[in-house]
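# Structure at a glance
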Amino acid sequence: MKETVAILGAGTMGRGIAQVAALAGHGVRLYDPVPQALEKSLTEIRADLQKMADKGRLQGSVEETLARIHTTQSLEDCAQADLVIEAAPEKLELKQELLGKLGELNPSNILTTNTSTFSVSAIAGRVKHPERVLGLHFFNPAQRMKLVEVIGGLQTSPDLLKRAFNLMQAWGKEPVQVVDAPGFLVNRVARPFYGEALRLHGEGVPKEHIDWILRGLGFPMGPFELMDLIGLDVNYAASSSVYQAFYGEPRYRPHPLQYQRVAAGLLGRKTGQGWYSYPPGPPTPPEPPVAQTGDIPLPIIIGPNPLAKEMRTHFRHTENVAEAQFVLDCRVKLERKHDFFENLPVVSLVWGHSVSSVQAEFRGRPLAGFSLVPPIGEKAIVELYAPLQGENRALELAQSYFKAHGRTTLVLQDQPGGVGFRILALLINEAVSALAEGVASPADLNRAMRLGTGYPLGPLEWAELIWLKPILRALDGLHAELGEDRYRPHPLLRRMVAAGLETFGDLTGAHAPGDLQTRTKEAT
């Protein structure tokens, strides 16, 4: 006979988890102090099960599954369950109170929290026998999303973590074991996706352009449309929680623009107005132009990195300097930019600097900047930048060249790093930081970010594809030009480049994939 499962909270997450447990064959006790919440929850579960049945995805009948779910307003009833999953509103005192009371009522069952922001150890500290408390962080909607973060507190039994991990697999989920750290894994590593987008918007980049560029990189949604979907209040609360949990670490600082909208009640789709109005919602990106590469100016492409190699594959070019009409310089380091191929206009990669900062090296020659990020997909948007003095021949050449290849171009105001790369570089740097702290193994970190956020690649996978050295050089350049600590490369990244390591699987010792299990055992 399968264990009985109690779910504390009949909101969106609670009813989703209840549905998952019932589909896995468990008897479920769904608790909420508000009768209307229980009624609404059953109605929503029934509707979702019916959709599954209509699509032929439901084993058994709707009624058979619903019969396993019993609603209750009694915590005493829930205390008799073998497994308790708390899915109450995100208030630390409430979670401590609920699990603390159930710990008093039953000294031997398993108690878990679905918290997305609070320390599992802090919640367990209010419970009798804290070794039986762990985190099971589901992602919304729980009945659809495969990822579950399995989080051990400082006193959680290692055997219990294994049992929970195996149970989530039996439920059809893809669990990832994570250390109890602020934001756990996904919510922490994803912070720059929102935070850096907000900073770029604050610097004058249109939010629509930021969304279009990130979609062009393969992200399912841009940061602003995703904030509208999540709810600006929810996203802001998560950012604030991680910022406070790290004792004011500047790189997690929420942005005033987001607070302003939250304070005004512009919370996204649920209020009809967030970053965009609903309807109509976010504007769609422009259609790419029709490719016409018959008679276009040919560049010589400079650089040894994966971007330069991929551009030579995707775009027409020449190896003959005498035939070249301009230079596409794909090198990253500012110090490598120098006066070469005299008299040719230069279109320079801006990953590690603004295009204006290169001007001194070219003595008045036509100069523009560009940014593209490998892998270059069909919907990739080419970011183009002019120095502060305005448009010139290099910018015109770059526009006509990329448009002739059927690529959408956006001319943006000059800034270091571009848009897509700057956000990605900080995602990578944050992932390296989490890896260095033993929050998860490299493989689990990549898998969690793909499953939990829909990223096309895990951040560490993307770093390996681009190469670690260009990322390090770009972050060094951004840190030098912008002067803010959030661009400082993580020391582990610097050590890996110095050691000649090219993949995170090459790590040994303190940052090897097995370190997470070692740390968990030491903590208990």
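Residues numbered from 1 in each chain as written. Predicted model: local features only at pLDDT ≥ 70, side-chain atom pairs only at ≥ 80, totals over all residues. Heavy atoms only, no water.

As annotated in an unreviewed UniProt entry, the protein chain is 3-hydroxyadipyl-CoA dehydrogenase from Meiothermus hypogaeus. The protein chain has a UniProt comment under Sequence similarities (unreviewed entry) that states "Belongs to the 3-hydroxyacyl-CoA dehydrogenase family." (UniProt positions renumbered as here; feature names shortened; annotations may be inferred.)

### A few points about the overall build of the protein chain
When its secondary structure is counted, the protein chain shows 21 helices and 14 strands. Radius of gyration (C-alpha) of the protein chain: 26 Å, near the 24 Å computed for a compact globule of 524 residues. Projected onto its principal axes, the C-alpha coordinates of the protein chain cover approximately 80 × 50 × 40 Å. Counting all 524 residues of the protein chain, 56% fall into the buried class. Expressed as a percentage of contacts within the protein chain between residues at least 6 apart in sequence, the contacts between residues at least 24 apart total 67%. Side-chain charges in the protein chain split into 54 positive and 57 negative, and the spacing between the mean points of these groups amounts to 1 Å. (Helix = DSSP H or I, 4+ residues; strand = E, 2+ residues; numbered from the N terminus. Rg over C-alpha atoms; globule rule 2.2 N^0.38 Å. Buried < 20%, exposed > 50% of the residue type's maximum accessible area, 1.4 Å probe, protein only. Contact = heavy atoms within 4.5 Å. Lys, Arg positive; Asp, Glu negative; His and termini not counted. Charge placed at Lys NZ, Arg CZ, Asp CG, Glu CD.)

### Concerning the pattern of salt bridges
Applying the stated rule across the entire model yields 25 salt bridges. Salt-bridge contacts for Arg-447 lead to Glu-174; the nearest nitrogen and oxygen are separated by 3.4 Å. Highlighted residues: Arg-447 in helix 17 (residues 442–453) and Glu-174 in strand 8 (residues 174–179), separated in sequence by 273 residues. Two residues, Asp-329 and Arg-331, come together in a salt bridge whose shortest N-O distance is 3.0 Å. Assessed through its relative accessible area of 0%, Asp-329 is described here as buried. Judged by its relative accessible area of 15%, Arg-331 falls in the buried class. Bridged by salt links that share partners, the residues Arg-188, Glu-249, Arg-251, Glu-430 and Glu-437 form one connected network. (Salt bridge = Lys/Arg side-chain N within 4 Å of Asp/Glu carboxyl O.)

### Observations regarding the environment of His-338
Among the structural elements, His-338 can be located in the loop between strand 10 (326–329) and strand 11 (346–349). His-338 gets classed as partly exposed once you look at its relative accessible area, which sits at 37%. Sequence separation of His-338 and Gly-27 is 311 residues, and the distance between their C-alpha atoms is 70 Å. Among residues more than four places away in sequence, those in contact with His-338 are Arg-331, Glu-361 and Phe-362.

### Quick notes on the pairing of strand 4 (residues 83–86)
What you see with strand 4 is no split at all: Leu-83 and Ile-85 on one side and Val-84 and Glu-86 on the other are buried throughout. Note that strand 1 (residues 5–8) and strand 4 share 4 bridges and pair parallel. Paired with Val-5 across the two strands is Leu-83, which belongs to strand 4. In terms of strand pairing, strand 4 meets strand 5 (residues 110–113) through 4 bridges, oriented parallel. Looking at the pairing, Val-84 lines up with Leu-111 of strand 5. Assessed by its sense of winding, the connection that carries the chain from strand 4 through helix 5 (residues 92–105) to strand 5 is right-handed. (Pairing = 2+ DSSP bridges. Right-handed = clockwise from strand over helix to strand, strands pointing away.)

### What to know about helix 17
The end-to-end C-alpha distance of helix 17, which contains 12 residues, comes to 16 Å, matching closely the 16 Å that a straight helix rising 1.5 Å per residue would cover. Those residues of helix 17 not exposed but buried are Pro-442, Asp-444, Leu-445, Asn-446, Ala-448, Met-449 and Gly-452. Contact partners of the buried residues in helix 17: strand 7 (147–152), strand 8, helix 8 (186–189), helix 16 (420–436) and helix 18 (459–466). (Expected span 1.5 Å × (residues − 1).)

### Quick notes on the sheet that holds strand 2 (residues 28–31)
Within the open sheet, the 8 strands sit side by side as 3-2-1-4-5-6-7-8. Their pairing is mixed. The open sheet is flanked by strand 3 (69–72) and strand 8, the only strands paired with a single partner. Strand-to-strand twist of the sheet, defined as the mean angle between neighbouring strand axes without regard to direction, takes the value 25°. Across 6 bridges, the pairing between strand 7 and strand 8 is parallel. What sits directly across from Glu-149, in strand 8, is Val-176. Lying on the sheet, helix 2 (residues 35–54) is in contact with strand 2 and strand 3; it crosses strand 3 at an angle near 165°. (Axes fitted to C-alpha atoms, helices over the stretch in contact; angles between N-to-C directions.)

### A short note on the UniProt feature "domain: 3-hydroxyacyl-CoA dehydrogenase C-terminal" (unreviewed entry) in the protein chain
Mapped onto the present numbering, the UniProt feature "domain: 3-hydroxyacyl-CoA dehydrogenase C-terminal" (unreviewed entry) falls on residues 183–278 and 420–500. A distance of 30 Å separates the end C-alpha atoms of residues 183–278, which is 58% helix and 0% strand.

### Overview of the environment of Glu-86
Looking at the secondary structure, you find Glu-86 in strand 4. A sequence separation of 55 residues divides Glu-86 from Tyr-31, and the C-alpha atoms of the two residues are 9.5 Å apart. Residues in contact with Glu-86, not counting those within four places in the same chain, are Leu-8, Lys-95, Leu-98, Leu-99, Thr-112, Thr-113 and Asn-114. At 2.5 Å, the side chain of Glu-86 and the side chain of Lys-95 are in polar contact. (Polar contact = N/O pair within 3.5 Å; in protein donor to acceptor, adjacent residues only side chain to side chain.)

### Examining the side chain of Thr-65
Position of Thr-65 among the secondary structure elements: in helix 3 (residues 62–66). Other than its neighbours up to four places away in sequence, Thr-65 contacts Ala-22, Leu-23, Leu-49 and Leu-58.

### Let's talk about the UniProt feature "domain: 3-hydroxyacyl-CoA dehydrogenase NAD binding" (unreviewed entry) in the protein chain
This chain's UniProt record puts "domain: 3-hydroxyacyl-CoA dehydrogenase NAD binding" (unreviewed entry) on residues 4–180. For residues 4–180, the end-to-end C-alpha separation is 26 Å, with 42% helix and 21% strand making up the annotated structure.

### Observations concerning the nonpolar core
Of all hydrophobic cores here, the largest spans 115 residues; its most connected members are Leu-185, Met-311, Phe-370, Phe-402 and Val-419. When residues of this core are assigned to their parent elements, the largest contribution, 11 residues, is made by helix 16. Formed jointly, this core draws a minimum of three residues from each of two domains, domain 1 (4–180) and domain 2 (299–412). Residues Val-5, Ile-17, Val-20 and Leu-83 belong to the second largest nonpolar core, which totals 36 residues. (Core = buried A, V, L, I, M, F, W, Y, C linked by side-chain atoms within 4.5 Å. Domains from an automatic or database assignment.)

### Some points on the domain arrangement of the protein chain
When its domains are assigned, the protein chain resolves into domain 1 (4–180) and domain 2 (299–412). Centre-to-centre, using C-alpha coordinates, domain 1 lies 52 Å away from domain 2.

### Regarding the sheet that holds strand 11
Here 6 strands make up an open sheet; going across it, the order is 9-10-11-12-13-14 and the pairing mixed. Every interior strand has two partners, whereas the edge strands, strand 9 (299–302) and strand 14 (409–412), have only one. Adjacent strand axes in the sheet meet at a mean angle of 25° when their direction is disregarded. Where strand 11 lies against strand 12 (residues 367–371), 4 bridges are found, and the strand directions are parallel. Looking at strand 12, one finds that Ser-348 is bridged to Gly-369. Lying over the sheet, helix 10 (residues 207–216) contacts strand 13 (382–385) and strand 14, oriented at roughly 140° with respect to strand 14.

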